[in-house]
Amino acid sequence: MKKSHPIRRVLLASAATVSGIVLLLSLKPATDSSSASAQGAAQGAAAAQESPQGGAAAAGTSTVTGAVAQTEYGVVQVRLTVANGKITKAEAIQAPKGGTSDQKTALSVPKLNQEVVATQSADITSVSGATYTSGGYKQSLQSAIDKMKAAGANTAAPSQSSAAGSGQAAQAKTVTGDVVTTEYGPVQVRITVAGGKITKAEAVQAPSGGTSDQKTALSIPKLNQEAVAAGSANIDSVSGASYTSGGYKKSLQSALDKAGG
């Protein structure tokens, strides 16, 4: 067939047309893909702008778990969540259960949790009808707060007078008394002193096991409160807990001696 033959020219023209159509069709998906890629990149950039905020919040949050406190009806253990130096959540990861304890735990623990966040301290009120659970909760809570302070976390409520508060904080010191052995077990008292006054008292050791759990839960909170109120070791013994009270006062006095009071 000659190059100038009409049929050959028609075939060449048709082939060129088909090639052009194929080329146009092949270019369209590429354009769509590029557009989708651009949209995906924009969405990724937007997500990247939001992520640092969430990351910063997570980085400033930590949890601290207090020591297990033994009560007559079972153990209590408190865990705190702290963010930016404040307690944002309190929870009892262990609490008495079984029988009437289920009801008392359900009654008391939510209230105690809320009060911790509100007061930012272990200075909370026991729930009526759940004295032992409340006492154990406060003991475990205090140990958690102590761990936070040791780690440099500030759990104190914001001061209304920052200048005066700073001065008191600078003068505050914690002193632990000698261990005093009693018939039912050792007693050891730790006090916090600021401005020459006892601002806080606690028993870091106390008799435990059997009936001692009940006597400790009954006497220690009262002795702590009276030590702060009296500002000395001249406090009354708790009826029914004479040995624990006697050991407490001796250890308290040794702590005061160490503190220079």
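Residues numbered from 1 in each chain as written. Predicted model: local features only at pLDDT ≥ 70, side-chain atom pairs only at ≥ 80, totals over all residues. Heavy atoms only, no water.

1. Structural notes on the side chain of Gln120
Working step 1: By secondary structure assignment, the location of Gln120 is in the loop between helix H2 (100-119) and helix H3 (131-150).
Working step 2: Of the residues examined, Gln120 reaches a relative accessible area of 10% and is grouped as buried. (Helix = DSSP H or I, 4+ residues; strand = E, 2+ residues; numbered from the N terminus. Buried < 20%, exposed > 50% of the residue type's maximum accessible area, 1.4 Å probe, protein only.)

2. Some details on the packing of aromatic side chains
Working step 1: Tallied over the full model, the rule gives 2 aromatic pairs.
Working step 2: A ring pair is formed by Tyr184 and Tyr243, whose centres lie 5.4 Å apart and whose planes are at 65 degrees; its orientation type is edge-to-face. Here Tyr184 is found in the loop between strand E6 (180-182) and strand E7 (185-194), whereas its partner Tyr243 is found in helix H6 (residues 242-259), with 59 residues between them in sequence.
Working step 3: Against the face of Tyr73 rests Lys104, its NZ or CZ located 5.4 Å from the ring centre.
Working step 4: The residue whose ring lies beneath Lys215 is Tyr184, and the NZ or CZ to ring-centre distance is 5.3 Å. (Phe/Tyr/Trp six-rings, centres within 6.5 Å; stacked < 30°, edge-to-face > 60°. Lys NZ or Arg CZ within 6 Å of the ring centre and 35° of its normal.)

3. With respect to the layout of surface pockets
Working step 1: Approximately 150 Å³ is the volume attributed to the second largest pocket.
Working step 2: Lining of the second largest pocket is provided by Ser126, Thr131, Gly135, Lys138, Ala217, Leu218, Pro221, Lys222 and Gln225.
Working step 3: Breaking the lining of the second largest pocket down by element, the ones donating at least two residues are H3 and helix H5 (211-230).
Working step 4: Among the elements that line the lining of the second largest pocket, the one with the most residues is H5, at 5 residues. (1 Å grid on protein atoms, 1.4 Å probe; cavity = no way out; pocket = protein on both sides within 12 Å on 5 of 7 lines; lining within 4 Å. Points joined across faces, edges and corners; volume = space filled by probe spheres on them.)

4. Details of the confidence of the model for the chain
Working step 1: In this model, the chain carries a mean pLDDT of 78, and residues with pLDDT of at least 70 account for 70%.
Working step 2: In the predicted structure, residues 28-58 sits below a pLDDT of 50 and forms 0 contacts with residues beyond four places in sequence or in another chain. (pLDDT = per-residue confidence, 0-100. Contact = heavy atoms within 4.5 Å.)

5. A look at the packing of H5 against H6
The description of two packed helices rests on the angle between their axes and on the distance between the axes.
Working step 1: At their nearest, the axes of H5 and H6 sit 11 Å apart, and the two run at 35 degrees to each other. Judged by the sense of rotation from one axis to the other, the crossing of H5 with H6 is right-handed. In this structure, H5 uses Ser219, Ile220, Leu223, Asn224 and Ala227 to contact H6, whose residues at the interface are Thr244, Ser245, Tyr248 and Leu252.
Working step 2: Residues of the contact of H5 with H6, tallied by class, amount to 5 nonpolar, 4 polar and no charged. (Axes fitted to C-alpha atoms, helices over the stretch in contact; angles between N-to-C directions. Left-handed = near helix turned anticlockwise from the far one by under 90°. Nonpolar A, V, L, I, M, F, W, Y, C, P; charged D, E, K, R; others polar.)

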